[in-house]
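Secondary and tertiary structure notes
Below are the chains, spelled out letter by letter.
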Amino acid sequence: MKSSNQYPSLLDKTILITGGGTSIGACLVEAFLQQGAKVAFIDILDEASNALVEQLNQRYQSTTVKYYRCDLVDIPALQQVITEVEQDLGSISVLINNAACDQRHKLEEVTPEYWDHCIDTNLKHYFFAAQAVRLQMCKLGGGSIINLGSMSWHKNQGGMAGYTASKAGVMGLTRGLAADLGKDHIRINTLTPGWVMTQRQLTHWVDKDTAKYIEANQCIKDYVMPEDIAAMALFLASDDSKLCTSQNFIVDGGWI
Ligand SMILES: NC(=O)c1ccc[n+]([C@@H]2O[C@H](COP(=O)([O-])OP(=O)(O)OC[C@H]3O[C@@H](n4cnc5c(N)ncnc54)[C@H](O)[C@@H]3O)[C@@H](O)[C@H]2O)c1
């Protein structure tokens, strides 16, 4: 679905989206393409990512969308990709730290190695991506960084402490970097989704009781869709939000 808003400030901008191959990330990739931006995305799922590029190239003529394969736990590889994106598409104006993995785990089965991997997958690369794009954004006179958070830890959700701890850390990271980046007119915000009905959620977690759960727990009873997250991301990336930084923007249908 196309956003009903067009943001002229996004035209021809270079946008980098992590985890752009599927789910919310893939929706973000398309939403920014529809704004006339040049979109680079990182993922590890080659088949899905290549299929997305092919599909978007067919759907939109004369657009620029490029897939970069990189496991984000490998920080030197991430730094290398960020340099390549600048060479290929120009300096990055907007970074969306989106990739994460909400894998469940039993409390008693978590090892130190597993814990470190959770933090590496869900938090560490958010910082290093922000660090690496900073100089590119400085060349442009500013930029916007959007960190995907989660309502899960606000709601005491169990079974994935590595993920929820990382997502709480994402909010700390946003607030911890905002003053440093603000000097260079780089904005940084957290975008916190509620329960978003991606294909992965539909496959793994949505069942016959979901509608009743949404009915009981959301003020607005509609399913939150990836497009609803993309709509907020477009606003936060655009100059229309030029004085918004260090904040947390929640899109959850009023999850009570
Ligand atoms: N879907 C939801 O209900 C929901 C709720 C709250 C927060 N969020 C947040 O929104 C963001 C997107 O969520 P989603 O549901 O689309 O996630 P998802 O798991 O469906 O997709 C994540 C994407 O990131 C990629 N990725 C994961 N680890 C990677 C790695 N190490 N290197 C490169 N790519 C990697 C995956 O391959 C995948 O394409 C995440 O930050 C998530 O925490 C989602």
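So, on to the overall build of the protein. When its secondary structure is counted, the protein shows 8 helices and 7 strands. Expected size for 256 residues packed as a compact globule is a radius of gyration near 18 Å; at 17 Å, the protein falls within 12% of this value. Here the C-alpha coordinates of the protein stretch approximately 45 × 40 × 40 Å along the principal axes. Contacts in the protein between residues far apart in sequence, at least 24 positions, make up 75% of those at least 6 positions apart.

On to the pairing of strand β1 (residues 14-18). Taken across its 5 residues, β1 has 5 buried, putting it largely inside the fold. Here β1 shows two buried faces, one formed by Thr-14, Leu-16 and Thr-18 and the other by Ile-15 and Ile-17. Taken together, the 5 bridges between β1 and strand β2 (residues 38-43) define a ladder with parallel strand orientation. Bridge pairing in β2 links Ile-15 to Val-39. After leaving β1, the chain enters helix α1 (residues 23-33) and then returns to the sheet as β2, a path that is right-handed. Judged from the 4 bridges that link them, β1 and strand β4 (residues 92-97) form a sheet pairing that is parallel. Looking at the pairing, Thr-14 lines up with Ile-92 of β4.

Any two packed helices are characterised by the angle at which their axes cross and by the distance between the axes. Axis separation between α1 and helix α2 (residues 46-59) bottoms out at 12 Å; the angle between their running directions is 25°. When the axis of α1 is compared with that of α2, the two are roughly parallel. α2 is crossed by α1, and the crossing has right-handed handedness. Residues Ala-26, Val-29, Glu-30 and Leu-33 of α1 pack against Leu-52, Leu-56 and Arg-59 of α2. Of the residues that constitute the contact of α1 with α2, the class distribution is 5 nonpolar, no polar and 2 charged.

Scanning all chains against the criterion turns up 4 aromatic pairs. Centroid distance Phe-127 to Phe-128: 4.9 Å. Interplanar angle 90°. Geometry classified as edge-to-face. Judged by relative accessible area, Phe-127 falls into the partly exposed class, the value being 30%. Here the aromatic rings of Trp-195 and Tyr-213 are separated by 6.0 Å at their centres, their planes lie at 75°, and the arrangement is edge-to-face. Remark: Tyr-213 occurs in helix α7 (residues 210-217) and Trp-195 occurs in the loop between β6 (186-193) and α6 (199-204); sequence separation between them is 18 residues. Trp-195 gets classed as buried once you look at its relative accessible area, which sits at 17%. Taken together through their ring pairs, the aromatic side chains of Trp-195, Tyr-213 and Trp-255 make up a single cluster.

Thresholds, definitions, all that
- Residues numbered from 1 in each chain as written.
- Predicted model: local features only at pLDDT ≥ 70, side-chain atom pairs only at ≥ 80, totals over all residues.
- Heavy atoms only, no water.
- Helix = DSSP H or I, 4+ residues; strand = E, 2+ residues; numbered from the N terminus.
- Rg over C-alpha atoms; globule rule 2.2 N^0.38 Å.
- Contact = heavy atoms within 4.5 Å.
- Buried < 20%, exposed > 50% of the residue type's maximum accessible area, 1.4 Å probe, protein only.
- Pairing = 2+ DSSP bridges.
- Right-handed = clockwise from strand over helix to strand, strands pointing away.
- Axes fitted to C-alpha atoms, helices over the stretch in contact; angles between N-to-C directions.
- Parallel < 35°, antiparallel > 145°, perpendicular 65-115°, else oblique.
- Left-handed = near helix turned anticlockwise from the far one by under 90°.
- Nonpolar A, V, L, I, M, F, W, Y, C, P; charged D, E, K, R; others polar.
- Phe/Tyr/Trp six-rings, centres within 6.5 Å; stacked < 30°, edge-to-face > 60°.

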